[in-house]
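# Geometric and topological summary
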Amino acid sequence: MAIVDVTIIPVGTEGPSVSDYVASIQEVLQSYEGKITFQLTPMSTLIEGELPVLFEVIQAIHEVPFKNGIKRVATNIRIDDRRDKQQTMESKVASVQSKLVQ
């Protein structure tokens, strides 16, 4: 199981807002429910799943701005692929929270 932090940046939009593109990307991610877990954040989207599926998902969401008329897209990908133990997005956060002084 791997976790990917991905940011899709449509270049050459008519205005500064990209929320319409983000919403379209979230719809594509919803079509993969059951294969992945995902979480929208203010700056990117976190996606959890098996690495081959994640690469398929990344390609699908990278295409979204092109399908909406954008001519250039920059995609930033950061992969956390830990193989010595099973971890999820939730368990990683819980691990840090358990170490915080109450």
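In what follows, the structure referred to is the one given above.
Figured I'd write up the structure that's included with this text. Since this is a predicted model, take the numbers as computed values, not measurements.

Moving on to the side chain of T45. As for its placement among the helices and strands, T45 is situated in strand β3 (residues 45-49). Reaching out from T45, the side chain makes a polar contact with the side chain of Q26 at a distance of 3.2 Å. Excluding residues that lie within four positions of it along the chain, T45 makes contacts with V4, D5, V6, Q26, L29, F38, Q39 and L40.

Below, the discussion takes up the nonpolar core. Core analysis: the largest hydrophobic core is formed by 17 residues, its most contacted members being L29, I36, I47, V57 and I61. Elements represented by at least two residues in this core include exactly β1 (2-11), α1 (19-30) and α2 (51-62). With sequence-adjacent residues up to four places away left out, V57 is seen in contact with L29, Y32, I36 and I47.

Among the 10 residues in β1, seven count as buried, and that is most of the element. Here β1 runs beside β3; their pairing, made up of five bridges, is antiparallel. Bridge pairing in β3 links D5 to L46. Here β1 pairs with strand β4 (residues 72-80) via nine bridges, running antiparallel. Bridge assignment links D5 to a residue of β4, and that residue is R78.

Rules used in this analysis
- Residues numbered from 1 in each chain as written.
- Predicted model: local features only at pLDDT ≥ 70, side-chain atom pairs only at ≥ 80, totals over all residues.
- Heavy atoms only, no water.
- Helix = DSSP H or I, 4+ residues; strand = E, 2+ residues; numbered from the N terminus.
- Polar contact = N/O pair within 3.5 Å; in protein donor to acceptor, adjacent residues only side chain to side chain.
- Contact = heavy atoms within 4.5 Å.
- Core = buried A, V, L, I, M, F, W, Y, C linked by side-chain atoms within 4.5 Å.
- Buried < 20%, exposed > 50% of the residue type's maximum accessible area, 1.4 Å probe, protein only.
- Pairing = 2+ DSSP bridges.

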